[in-house]
Structure formats: structure tokens, C-alpha cells
Amino acid sequence: MTRTSLGAPLDRVDGRAKVTGAARYAADNNPAGLAHGYFVLSTIAKGTIRSIDAARASAAPGVLAVYSHANPLRLLPPRSYIAQFIGEPQRAMQDAVVRHYGQIVAMVVAETFEQARDAAALVTVEYDAQPPAADFLAGVPGARDPQTPFGHPVTILADGVPDIDAALAASEVTHTAVYTQPPEHHNPMEPHSAVAMWDGGKLTIHSGSQGPALHALDLAEGLGVPQEDVHVIGPYVGGGFGGKATSWSPTLLAAAAARALRRPVKVVTTREQLFTVTGHRTASHLTVTLGARRDGTLTAVKNLAVTTFEIENPASPPTAAYKCPNLDLRLKVVDLDIPRRTIMRAPGYAAGTFGLECAMDELAHELGLDPIELRMRNYATASPDKGLPYASKHLDECYRVGAERFGWSRRKAEPRSVTDGQWLVGMGMATCVLPSSQHAGAARVRFRANGTVEVACNTADLGTGAMTVLAMAGADRLGLPVGRIRPALGDSTLPVAAEGDSFMGAVGSAATSTILSAVHDAAGEAITALIAHAVSDARSPFHGMDAQDVRYSSGVLEGGGRRAGFGELLTTTGTPGVEAVTTATLGEDTERYAFITSGAHFCEVRVHRLTGEARLSRVTCVVDAGTIVNGKTARGQIAGGVVMSAGQALLEGAYVEPATGRIANANFADYLVPVNADIPAVDVHFLDHPDTRYNPQGARGLGELTGTGVAAAIANAIYNATGTRVRDLPITPDKLLS
Amino acid sequence: MEQASEPERGVSRRGFLATSAAAAALAAGTAGAPSPAAAATAGPARAGASVVRVTLRVNGRERTLSLDPRVTLLDALRERLDLTGTKKGCDRGQCGACTVHVEGRRVLSCLTLAAGLDGKAVTTVEGLARGDELHPVQRAFLECDGLQCGFCTPGQIMSAVALIREGHAGSEEEIREFMSGNICRCGAYPGIVAAVKAAGERG
Ligand code: FES
Ligand code: FES
């Protein structure tokens, strides 16, 4: 195939709009007659609403309506199981039941934001409260089995081994420890927002979502209207990380209020509200037990994970990480009266690789082996669960190149050996790993008379660079400069595959591979359609020729000594455009091969001897993600994942008060995320080995990859620096001083 | 971090407190009064409504607004002037997404009441480029990929423009420190540092 643009480090095609402020995110739309909604949240975690007094709020200046279960905006429960399972099974304000602290119990709509906000403070709610179950750790011992179809146990035993405990008992050495982390919040910089307006029975809603098609389905189900009557527009999304994969009550309530009031309504959740009215990543408690021979060969891995969410299964990474004859990986689930959990970047693998990769470091230390050497002794060339060989895996090269770039040979194996003034300096490493996923997506490719080509896909760009990849995919396949491609995404009316998961949009690091194959196939069909038009239209210079005799190359049709660019052709024939819409056929041979994205992280951390403050001072990531489609945006994804994981390691966690279920730190001053000064230069290196058995372009996804492993590399470096092993995230100074 | 070394030029902390207090008093004094409602957007207010008239010079253009005194500069820009480039990430002064310049100095527009800025010059991200030609800092953010989702970007750029002007882009360390009031959840920090450095060097 022509390699006109794939692989180039291209500036974002939407970059100019973003640096000038021209990019319109959901809340940046101000249609005429706009009213503003503001929520009142519950101040108990469990119980029922005895009464709501909305009289003062209703009488406040500018107030148009105060809604609550007593004056409801009716929403139907979601039917799609994705919405039920990943999102909310229960929409807000439909009954008097309070299920968690910070639940939406009333919504004030007023002429202005200030009026709605201040009137919301006048709503008085009385409750019959019950004590909530809000203490995750207290729930761990009594955790239940997961609800299928998720969270299945994995048991793989070598011939003659009766169970995992027998395999562990027969191991020469074992290591067992518990690794925990608190709930995390996506905290995209753009809070969930919506501007909703109705025209007769049809809804147009500006709302940033990872999957516009799924979002439209959720809205249609909730509002009881046909899906085709819902138009979701969200070309710019201010971050998602899984939190905007499904639809949350604020958006549905905006649409319902706009319908009831017959005027456009804007809703912007506040940062504080975001913590409780949308989903979060579950807390996790993972017990890892490794069995090995003295030479470091793994003989058994037993993982018991406990979370509040079936899909977030930290027991899973051993299915993708190391060669091991005996695996027993289980998940248990705790039900709590706390806000709803959902998926977040690298679900299961984020917490799971923290545990596994710390445990590997601890085992290496016990056995006196270099951590890389231990990993190489257990190097998997086939997938540990399926037994299929990896089509393309170069993790060994990642270790080698990374060690070289980082200067791993200078590491002292003995903890607390290196100091720099008052700072203890340590190095750590870890593997990052994530099974690859891609979907059979649909795309539309349309040649237009003005000489440009629209390339459209029903997905979203959350900052990943998907819009740029979409343009590059079109340019590459059609042999045109990127400047002649008009990418379109973030709109529910764009083509979507009838089957499969592609309607979920940008999830599971699948967007790039999905876009590439969808655009590849649609562009091929568009070329066929263009040629068919050229030979059939009476005004065309190719009229009457056999389609076989007309060739397309780089935007130009040629045949029978005639030649015309597609823009010229369409102008001549008076046709605005010729298009094809198609759903991709995926070529990956999953019968014979397994596919994985992996890499190696190296971190240097400095810990202050007196204050216990840990500073990340150097990072190297070497990544094997197949073909790198856009080196610039891919680098951003990898470095961005490192930043978020540095937060996981050192800063982040929601503190749920056990007695009340209230999140004590629901704001940016108390829920700490990394700021610029927390992050050193990040050395990112891509191996760029195309995985052509996965797709013709050889690209695997990488958006979530550095959501794995980094926290362990940091914890391992801290151990190397201080001799203190912290297994409970985040690693705050108090844990290093005690 | 801000030093009041140029007494008359900026919004001093004391000046801010004074105007805030005035605004608060206005708001309190008229509680329960009829709605200023859409008066904020255009036209004269209804009789008795609590409204403040403010004239701002926004990106070089005089804009006179009749405002509910509770309106922040951020909401005045976004909801009344349709200048939506400036973003609301927290509305609490904790994220920097709303950073704009008032009289050439960085302020968090979510913590600044519009009513207190009569006669002041406000620059937003929309006011940086000259027609099609990007401001050097905008160009550097684009080239160095100092952004992902782009939501924090206007605030990052407004901070960067100011800190370069103040001479705080001397080293990567200094840039990191001075850019730390602007959260980027996408984690574009390495690209942001590279962009500020590049723009600072270009001068
Ligand atoms: S919106 Fe002003 S600091 Fe966050
Ligand atoms: S680019 Fe997304 S928050 Fe900074």
C-alpha cells in the first residue's frame, strides 16, 4: 500500500482550533433562549427523601422550574446492558430512594447560571437516613462472587496438578502480599456538560462522549424516543478516560428539562458534583501469590482480587504477562452505598499490574536476581491463557533498549545505597502490558466536487489524536495530502456498524486500529463508486468506458488516454459528491495468534530523607505497539498515561468516609492530580514493528498502555531508594516516614 | 506568586477585595428583587433589578454589559460575550483553565467578579492571534503537541504568554514551577514545557 502519511509525526489537524479557542466543546454552545440547570445533591448516602421543600427556590428570581422525584422529569431505565452495567441502572430523581451520597435529588432551571445556582441552595431536603455500607476494606472479607458475564475465574493447571495451592506448596519459593488502592476519579478537565434543545419530537444535544452512537442510544432509551430522533454532537471532548463511555444523569436531565420547558437547557456539572454524579474507578484489594523455582522460573500465580466492579478485575494481568504453568485468578465483588463505579483507563490492568509488577520486583529481590532478568526468565512468547503464539511481541527488545537509554546498569541492587544530599535515590522498572483490541467499525468516504474528501467515522477524539489519525488514514489510502481530507467524528448521525462493539466508540484503546480498517475498506469502495460514476454519467469524459479500464491514483482518474481529478470530474458532471459507506472486515487471525501491546518502564525516584516526599525524577518508556501511525500524538498518549499513573502512584485517591459515605476530598485542591512540577521529562521510545497479522497497517492501540506498570515502576524505585516497600497507593510521605 | 511591583497596572489584591465586597453588598442589598434574567445578555434591565453596568475592553474591543453582580469574569466572557475559548474546569480557582489577562496580568477569571473590572483591559485566548497568524506561543503549543483534548489549553497558553513576558521561562525547572497552576489531566506536561521553552527562546 502507499505510505503517503502513516507514520509521520503530524501536528493535530484540530490543533489550530484548540490553541485559538475556536474549538467548541459541549458547554460552549449558547443557543438563543438558553436556560441553565443546576443540581441539588443528597447529603446522606442511604435512605429515603421524606420531603423536599422547593417553595423558596421556585420563588427565587429567574427560576423556571424545580424538578425532583416529587415533580419529576420522567426518565426510563436504560435497557442496553452496557448502559446498565458500565453506567447507571437507575437514573436520578425517579424515586425517593437515596443510594449514595451526592446523588442528584433536585434540579433547578433558571434564566441564568447564577440564578439557578443560588436558588439550588434554597431547596431544603429532609431524609430518613440509614447507616450506609461505605467502607470498602470492611467489605473485603465478605465479598461476593462476580455477576456474569464478567469476572470469570481463570484456572490453568499443569497436568497432574490438582489445584493452585498444591502448585504453590511444591514451589521452591513463594511470595505473597496484598496490594491496595483507593477509588480514583477520571476528572477530565471538561466536566460532563450538555446543551439540549428540541425541535418538535427531535432532540439535538451538544455533549462530549466517547461514543456518540451509544450516547444517542442511551438518551433515546431514557427519554422514550426513537434513536433516530436523537442527534448527539460532540466533535471536541475535553478528556474521557472511560468516564464518558456511557451516559450519566446530568445529560439526560438536561434533555428532559429542555423538553419540559420547551427551550434549550445547559447543564454543566461542577467539579465537586462530578465526583458523585458520574462514575469512578473502584477501590481495589489484590492478594498476589507467586510460586517460583530458585532460578526465578515461575511455577504458579494465584491472584485474589476484590473490587466493587466486575469489569475492573485486577486479577487478570497474568493472563497476558508471563509464562507460567499454573494460574488461578479470581475476582470477588463488594457492594457499597457509594457513587457508581465505571470503567477507567486500563480497567483491571491499572491496579492489577501495580500488584503483579511489585510482586515480581519483590521476588527478584528475594532471589537476588536483576528485575529484568527475572522477567526474561519468564518471557511469554505465547499468550498464557489461550496458549496461542503472539503474532508480534518485542517486549524483550523493550527491556534491552530501555535499560540502555535509562542507564539501568548503574542501579544498585541493594536498597538505600544511593544518596544525593538529603535525597535517597532509587531506580525501578516494570512491564506494561495490555491485550490489543479493535472493532469492525463503519466509515463513510465521500469525494466532493470541491476537491476534498470527507472521511467520517462514528467515534470520538478525547484528546487521543483520533481526528488526526482519521485524516491520515484517509490520506494514506487515497494517496492525497492530509490537507485535502476533511475528517468527521463526534456525531451520532455518522455511520455506525450494525453489529459488534464499534458503536461504543473510543474505548479499549481500539480507536486507531478500528479507524484504520474502516477507512481502508470504505475508501476502497468509494474509489469503486467514483469510477462507476465516471463511466456512467453522460457528462463525464470517461462516459461509456468499461470500469475496468479506469484507474484511480492519488485523486486522479485515468484511462483511455483521458485524465481527470475527482474534483474536476464531479464539477463537470454537476455532482456534489460520490460516497461509500461500509463496515470493515477485520483480518486478524485470532484462531492462530494472540495480539498484545507491551512495553517497559524505567523510573528514577528521589525520596527526601526527612519529609518522605517522593519526586519522580526520570522516566523512560519503550513501547511495542506495532506501527506508530502518528509519532506526535502517540507520544502524547504514552506520556499522558505516565502522568496519570504517576498520580495513581503518588497522589490520587478518593477518601470515602466510612460512616457517611461522603467523599471528603471531592475537589481539585484535595483530590490531588499531578501538576507540571510533578512530572520530569518523559523519554518515550517506540519500536515501530508493524503487526501486519493484526491489520494491514500493523497498528495496535496504545491509549491505555501506560495506565499499566508505571505505578509499580515508581513503587519499585521507591523501594530501591529507601528500603521501604509500600503496597498501598498512593505512596504519600506518611507511609515513607513510618 | 504575583508581586505588586507595578502598582497601577494590575488588579491588586486589595483592589480585588474592595470590588468584591462592593459586588457582594450589591447582591445582598437586593436579594429577593426581581430577576436580572436575560438582562445580562442584552438590553436594559427590568425596573428594580440588581444590575451593574460594566465596560470592559475585551481583546481590544469595548464591551458594555449590564450584569448581575454575581457574574464572574469567566461567565461574563462565556455566557454573555460568547467568548467560549476560556474554560471552566472547577470554578474554584483550583485548575487554571479559566486563566485570562487583566491589564496584562494573569488572573483566574472564575475568581474575578466582572463587576469589579470596569474600564479594564481583558485579553482572552481569542485575542492572541493576528488574523490567521498564530501567536508564537499558540504556534509552539501546536508544533510541540503541548495539548491533547485541548480543554486546559487556552488557560495554559494564557499563563505561558504571561510567564514568558515576565521572564520566567529561563529553564525547564522554572517553566514547570510557573506552569503548575494549570492542571492538564491529559498529562501533556512534557509537550507544554517544550512549547513554552521554544516560544520563550523565539522571544
Ligand atoms: S475554572 Fe478557574 S481555576 Fe478552575
Ligand atoms: S489537554 Fe486535556 S486537559 Fe490538558
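Here, the structure is the one placed above.
The structure contained in this document is the topic of the report that follows. None of these values were measured; they are calculated from a predicted model. (Residues numbered from 1 in each chain as written. Chains lettered and ligands numbered in written order. Predicted model: local features only at pLDDT ≥ 70, side-chain atom pairs only at ≥ 80, totals over all residues. Heavy atoms only, no water.)

All right, on to the overall build of chain A then. Of regular secondary structure, chain A possesses 18 helices and 27 strands. The C-alpha atoms of chain A give 27 Å as radius of gyration, which agrees with the globular expectation for 738 residues (27 Å, within 12%). On the principal axes, the C-alpha backbone points of chain A span a range of 80 × 75 × 55 Å. Within chain A, buried positions represent 65% of all 738 residues. If you take every contact in chain A between residues at least 6 apart in sequence, the share linking residues at least 24 apart comes to 81%. Carbon together with sulfur atoms contributes 51% to the accessible area of chain A, which is approximately 24,700 Å² in total. For chain A, the separation between the mean place of its 64 positive charges and that of its 73 negative charges on side chains is 3 Å. (Helix = DSSP H or I, 4+ residues; strand = E, 2+ residues; numbered from the N terminus. Rg over C-alpha atoms; globule rule 2.2 N^0.38 Å. Buried < 20%, exposed > 50% of the residue type's maximum accessible area, 1.4 Å probe, protein only. Contact = heavy atoms within 4.5 Å. Areas by Shrake-Rupley, 256 points an atom, 1.4 Å probe, with all protein chains shown as cover. Lys, Arg positive; Asp, Glu negative; His and termini not counted. Charge placed at Lys NZ, Arg CZ, Asp CG, Glu CD.)

Here we take up the packing of aromatic side chains. Per the counting criterion, the structure on display carries 13 aromatic pairs over all chains. Taken together, a centroid distance of 5.2 Å and an interplanar angle of 85° make the contact between Tyr25 of chain A and Phe151 of chain B edge-to-face. Taken together, the residues span two chains, with Tyr25 of chain A in the loop between helix H1 (15–20) and strand E1 (35–41) and Phe151 of chain B in the loop between helix H3 (136–143) and helix H4 (153–165). Given the relative accessible area of 5%, Phe151 of chain B is considered buried. For the ring pair Phe447 of chain A and Tyr552 of chain A, a centre distance of 5.7 Å and an interplane angle of 55° mean the geometry is tilted. Of this pair, Phe447 of chain A sits in strand E18 (residues 442–448) while Tyr552 of chain A sits in strand E21 (residues 551–553), and the two are 105 residues apart along the sequence. In this structure an aromatic cluster arises from ring pairing among Tyr81, Phe85, Phe150 and Phe309 of chain A. Lying over the aromatic face of Phe85 of chain A, Arg341 of chain A brings its terminal NZ or CZ to 5.9 Å of the ring centre. We note Lys393 of chain A situated over the ring of Tyr379 of chain A; from NZ or CZ to the ring centre the distance is 4.5 Å. (Phe/Tyr/Trp six-rings, centres within 6.5 Å; stacked < 30°, edge-to-face > 60°. Lys NZ or Arg CZ within 6 Å of the ring centre and 35° of its normal.)

The next thing to look at is the nonpolar core. All names here are of chain A. Counting 190 residues, the largest nonpolar core has Phe447, Leu478 and Ile714 as the members making the most contacts within it. If you tally residues by element for this core, the top one is helix H14 (residues 511–536), at twelve residues. Aside from chain neighbours lying at most four places away, what touches Ile714 is Cys603, Val605, Leu616, Ala646, Ala649 and Leu650. Core analysis: the next-biggest nonpolar cluster, separate from the first, contains 33 residues, Ala92, Leu253, Ala254 and Val277 among them. (Core = buried A, V, L, I, M, F, W, Y, C linked by side-chain atoms within 4.5 Å.)

Residues and elements named next belong to chain A. Here seven strands make up an open sheet; going across it, the order is E3-E5-E1-E12-E9-E10-E11 and the pairing mixed. Of all the strands in the sheet, the pair left with one neighbour each is strand E3 (63–68) and strand E11 (230–233). In this sheet, adjacent strand axes meet at a mean angle of 20° when their direction is disregarded. In this sheet, strand E10 (residues 202–206) lies alongside strand E9 (residues 193–199) in antiparallel orientation, the contact comprising five bridges. Its bridge partner lying in E10, Ala196 is registered against Ile205. (Pairing = 2+ DSSP bridges. Axes fitted to C-alpha atoms, helices over the stretch in contact; angles between N-to-C directions.)

Time to look at the environment of Val288 of chain A. Residue and element names in this part refer to chain A. Inspection of the secondary structure assignment puts Val288 in strand E13 (residues 284–292). A C-alpha to C-alpha distance of 6.0 Å links Val288 and Lys302, two positions 14 residues apart in sequence. Filtering out sequence-adjacent residues up to four positions away, Val288 remains in contact with His175, Thr176, Ala177, Tyr179, Lys302, Asn303, Gly355, Leu356 and Ala359.

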